[in-house]
Amino acid sequence: MRPFESPVPLQIDYAQELNPQQHAAVSAAPGPALVIAGAGSGKTRTLTYRVAFLVEHGIPARQILLLTFTNKAAKEMMRRVNDLLGADLRDLWGGTFHSIGARCLRLHAERLGFRRDFTILDREDSRDLVKACLGEPEFETTDKLFPKPDALVDLFSLAVNKYASLSEAIACDYPQFIALTSRLEELLRHFRARKQAANVMDFDDLQIKWLRLLTDFPDVLEGFQQRFQFILVDEYQDTNTIQARLIDLLAAKHKNLMVVGDDSQSIYSWRGANFRNIIDFPKRYPSAKVYKIETNYRSTPEILELANAAIAPNREQFEKKLASARKSGARPAVVPCNDAGIQAAFVAQRIMDLHEEGAPLSQMAVLYRSHFHVMELQLELTRRQIPFLITSGLRFFEQAHIKDLTAFLKLVANRSDEIAFKRLVLLLPGVGAKAAARLWTSFLAQTQVLLDGKDSAARPKKPIATCLQKSAATVPKKTATAWAQFVATMAQIEDLQAQPSEMIRIIIDAFYGDYLEENFDNYRQRAEDVEQLGIFAHQFQDLEVFLTQLSLMSTAETEEQEKNKGEEDRVRLTTIHQAKGLEYDVVFVLMLCDGLFPSTRSLDSSDGEEEERRLFYVAITRARNELYLSYPLLRFTQSQGEASQIPSRFLMELPAGLYEEWNLRQTNFGSY
DNA sequence: GTTAGGGACGCCGGT
DNA sequence: CGTCCCTAAC
């Protein structure tokens, strides 16, 4: 394809609104391009303008595919393009690899032996299903060392994400299970068969089956290649092997592929991300143009210098030098504290001081390596009544009560969903694992009674409630009342023809409200959450779309809902992983002790330390104006009680001139 | 034979 | 804070 010639006068003055490096990338000629965009250099801005640039040059929105790390990022970019151009971007496909995968798979599920109304399993669901497989007679074991369902799910997932066979994954990452390889392979076969029978896909299936769809069905591949003439990928450094192959296949025809990333911010190798994808991109695409964007608009020179020094020990990276465009500010502070309690007190006090000087709480963030590092601080903030917003380990919709509710909807959408079914009947008093399994068998038989005979497609589906009714023989006596209530609820919601918010209303009124009240002390809080879910559901007319969205929404996105609850000014508490792409005026990084950050478990592999260092780099570069790096000298541990801590090796690596060491004892220790 | 409740232990990260 | 295992109760 020839370089872009503007057929019409352009609305946007690109050279004016972008710096020269950004402008070069945005106006790149068609063909493969790699954009190395350092932290805070306007990566999102560059991608946004690139989309606008394409649209202005007459590329129809439906021919553009935009793959991002979160759905929120995709939405945000499309909104910004819309603001820039006023163009209609509804036809532009933008989202995460998982959500775009789900979309493609829905179009062609039959080719892979699934129906297009498949539902999506989260990690817990997968674990439940693996557990169910382990309950089959052939897998019964008394071996205490046999891997737990959690470990099995991890193992199966890692194999997929590394695009390796199970035996390769075992040999490479779980050598302790080598002797079990053939049994585990058999188990995996069962697990897969059961997923297919239940018409469900887990997160990994949304990638691997999408890839299979493209490799096994040339006509399908051809269709997508034809459609997606321009492909843009954000956060390319965090793609795994499958995702890189997906992109390569989709772009193979037109080769109009622009990938954007920062090799220094690759922090997801533990879930299969392959950092070689970005390093080797120029080798895979010899004609690729490489653009570097190296001006940082976010951080003060002091913070940026510290960041550059922090990442310097890493061997493998693209040569680049980030320079700050900002005026000088305060040097970052390194703050040793006696213990985690003092550390929490220090952070809380500092937050209060800054807030009194006029800094909004919402512009401050506390970052940490692992969720449990923040416990003491939560207590301290609560004690001092400093409002905070925490992105905890559990996402909103992974909470039991939210999952209970969605299980109703999932079963309506996909009556083969064994996992949803069992979850629901387990809510009933007197029903445990055994009764649930019996009920499922009998329910399954009932749903299939109508399938014999001819032309099942033309026949109206037998209502779920009727199938349940006919399974009632296997219900324990004391469950009878609850069972009737359950069946009645199901009868009501399946009449509604895909009105998610209506369904939720009925489930709460007819069944789940009572259940919450009987089973939980904090039922009010939980009831409020499910109400919230009902409100969120208002935006959706279509049940499948709603469920897909819900399954694939990240923590950050669910918080959008939370935010609407109160406009209160709050400090942000988050893991570094979840803070990716975000920025704050003031950043605190906690628990910089060797063994916690870098974490011991990451140091098994030689690449582990480099990845932890990149994580440290990501943490530092979230800060605009002020940065505090703290660690406790003593820490209470499970095994040894009070143990003295060694400061993180990442702190030791920093040249002393780049930070200021605070001594809480000498200064105003009393107030901390 | 099952289910329900209580106590002990262990924790990296997330679509 | 949540999962697992054990034991009491049905």
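Residues numbered from 1 in each chain as written. Chains lettered and ligands numbered in written order. Predicted model: local features only at pLDDT ≥ 70, side-chain atom pairs only at ≥ 80, totals over all residues. Heavy atoms only, no water.

Now for the overall build of chain A. Helix and strand counts for chain A stand at 29 helices and 18 strands. For 672 residues, the compact-globule formula gives about 26 Å, and the C-alpha radius of gyration of chain A, at 27 Å, lands near that figure. The C-alpha extent of chain A, read off along each of the three principal axes, is 80 × 70 × 55 Å. Each of the 672 residues in chain A was classed as buried or not, and the buried ones make up 55%. When the accessible area of chain A is evaluated, it comes to approximately 29,500 Å², of which 52% is carbon and sulfur surface. Across chain A, 80 positive and 88 negative side-chain charges occur, with their mean positions spaced 4 Å apart. (Helix = DSSP H or I, 4+ residues; strand = E, 2+ residues; numbered from the N terminus. Rg over C-alpha atoms; globule rule 2.2 N^0.38 Å. Buried < 20%, exposed > 50% of the residue type's maximum accessible area, 1.4 Å probe, protein only. Areas by Shrake-Rupley, 256 points an atom, 1.4 Å probe, with all protein chains shown as cover. Lys, Arg positive; Asp, Glu negative; His and termini not counted. Charge placed at Lys NZ, Arg CZ, Asp CG, Glu CD.)

To continue, consider the packing of helix α19 (residues 418-425) against helix α20 (residues 433-449). Closest axis-to-axis distance for the α19/α20 pair is 9 Å, and the angle between their directions is 130°. By the angle between their axes, α19 is oblique relative to α20. Handedness of the crossing formed by α19 with α20: right-handed. Counting all contacts with α19, which are made through E418, F421, K422 and V425, the residues of α20 involved are A436, A437, L439, W440 and F443. Of the residues in the contact of α19 with α20, the class split is 7 nonpolar, no polar and 2 charged. (Axes fitted to C-alpha atoms, helices over the stretch in contact; angles between N-to-C directions. Parallel < 35°, antiparallel > 145°, perpendicular 65-115°, else oblique. Left-handed = near helix turned anticlockwise from the far one by under 90°. Contact = heavy atoms within 4.5 Å. Nonpolar A, V, L, I, M, F, W, Y, C, P; charged D, E, K, R; others polar.)

In any sheet, the strands associate via hydrogen bonds between backbone groups, in a parallel or an antiparallel arrangement. One open sheet accounts for 6 strands, arranged β3-β2-β6-β7-β1-β8; its pairing is parallel. Bordering the open sheet on either side are β3 (93-96) and β8 (289-293), each of which pairs with just one other strand. Each adjacent strand pair in this sheet contributes to an overall mean axis angle of 15°, direction not counted. The pairing of strand β6 (residues 230-233) with strand β7 (residues 257-261) spans 3 bridges and is classified as parallel. Note that in β7 the partner of I231 across the bridge is L257. Helix α3 (residues 43-56) contacts β1 (33-37), β2 (64-68), β6, β7 and β8 of the sheet and is inclined by roughly 170° relative to β6. Contacting β2, β6 and β7, helix α12 (residues 241-251) runs over the sheet at an angle of about 160° to β6. (Pairing = 2+ DSSP bridges.)

Let us look at the protein's contact with DNA strand B. In the vicinity of DNA strand B lie 26 residues, with W270, R369, H371, G432 and R601 positioned nearest. The sugar-phosphate share of atoms of DNA strand B within 4 Å of the protein amounts to 54%. The separation between a phosphate oxygen of DNA strand B and a polar main-chain atom of A435 is 3.2 Å. Contributions of two or more residues to the surface near DNA strand B are made by α20 and α27 (576-579). The leading source of residues in the surface near DNA strand B is α20, at 3 residues. (Near = heavy atom within 4 Å. Polar contact = N/O pair within 3.5 Å; in protein donor to acceptor, adjacent residues only side chain to side chain.)

This paragraph deals with unusual backbone geometry. Between F597 and P598 the backbone carries a cis peptide bond, its omega angle lying at 5°. When you line up the elements, P598 lands in the loop between β15 (584-589) and α28 (606-620). For Y163, which is not glycine, the phi torsion reads 60° and is therefore positive. Looking at the secondary structure, you find Y163 in the loop between α7 (149-161) and α8 (166-173). Unlike most non-glycine residues, Q385 shows phi in positive territory, near 60°. Structurally, Q385 can be placed in the loop between α17 (375-383) and β13 (388-390).

A few words on helix α16 (residues 340-356). Relative to the 24 Å expected for 17 residues at 1.5 Å per residue, α16 spans 24 Å between its end C-alpha atoms, a close match to the ideal helical length. Most of α16 sits inside the fold, with 12 of its 17 residues counted as buried. Taken together, the buried positions of α16 are A340, I342, Q343, A344, A345, F346, V347, A348, Q349, R350, I351 and L354. Among the structural elements, β11 (333-339), β12 (364-368), α17, β14 (571-575), β15 and β16 (623-637) are those in contact with the buried residues of α16. One or two steps after α16, the chain reaches G358, where phi turns positive at roughly 110°. (Expected span 1.5 Å × (residues − 1).)

In this section: the packing of aromatic side chains. Inspection of the entire model under this criterion finds 28 aromatic pairs. With centroids separated by 5.5 Å and ring planes inclined at 40°, the aromatic side chains of Y268 and W270 adopt a geometry described as tilted. Among the aromatic residues, ring-to-ring pairing joins F346, F588, Y628 and W662 into one connected group. We note K580 situated over the ring of F69; from NZ or CZ to the ring centre the distance is 3.9 Å. Here the basic side chain of R614 rests over the ring of F275, its NZ or CZ set 4.4 Å away from the ring centre. (Phe/Tyr/Trp six-rings, centres within 6.5 Å; stacked < 30°, edge-to-face > 60°. Lys NZ or Arg CZ within 6 Å of the ring centre and 35° of its normal.)

Judged by nonpolar contacts, the single largest core of 67 residues is most densely connected at I351, V366, F616 and L629. The element best represented in this core is α16, accounting for 8 residues. When near neighbours in sequence (up to four residues on either side) are disregarded, I351 contacts L361, M364, V366, L381, I386, V571 and F588. Membership of the second largest hydrophobic core comes to 52 residues, among which are A420, A465, M503 and L547. (Core = buried A, V, L, I, M, F, W, Y, C linked by side-chain atoms within 4.5 Å.)

The next subject is the pattern of salt bridges. A side chain with one charge may pair with a side chain of the opposite charge, provided their charged atoms come close. Applying the stated rule across the entire model yields 46 salt bridges. The salt bridge involving E531 is made with R505; its shortest N-O contact spans 3.4 Å. With E531 in helix α24 (residues 523-537) and R505 in helix α23 (residues 500-519), this residue pair connects regions lying 26 residues apart in the sequence. For R505, a relative accessible area of 35% translates into the label partly exposed. (Salt bridge = Lys/Arg side-chain N within 4 Å of Asp/Glu carboxyl O.)

Taking burial as the measure, the 6 residues of β15 include 5 buried ones, the bulk of the element. Bridge count for β12 against β15 is 4 bridges, and the pairing is parallel. For M364, the partnering residue across the bridge sits in β15 and is V586. In the sheet, β15 pairs with β16 via 5 bridges, with the strands oriented parallel.

Let us look at the side chain of T68. Of note, T68 is situated in strand β2. A polar side-chain atom of T68 sits 2.8 Å from the main-chain carbonyl oxygen of T70. In this structure, T68 is in contact with A73, A74, M77, G95, T96, F97 and D234, ignoring residues within four places of it in sequence.

Attention now goes to α7. Here α7 spans 18 Å end to end across 13 residues, near enough to the 18 Å set by a 1.5 Å rise per residue. The buried count for α7 comes to 10 of 13 residues, which makes it a mostly enclosed element. Tucked into the core, α7 has its buried residues touching α6 (123-134), α8, α9 (181-197), α10 (203-216) and α12. After α7 finishes, the residue Y163 shows a positive phi value of roughly 60°.

Let's shift gears to the side chain of N296. For N296, the position within the fold is in strand β9 (residues 295-296). Owing to a relative accessible area of 0%, N296 belongs among the buried residues under this scheme. Contact partners of N296, with chain neighbours within four places excluded, come to A39, G40, S41, L304, L322, A323, S324 and A325.

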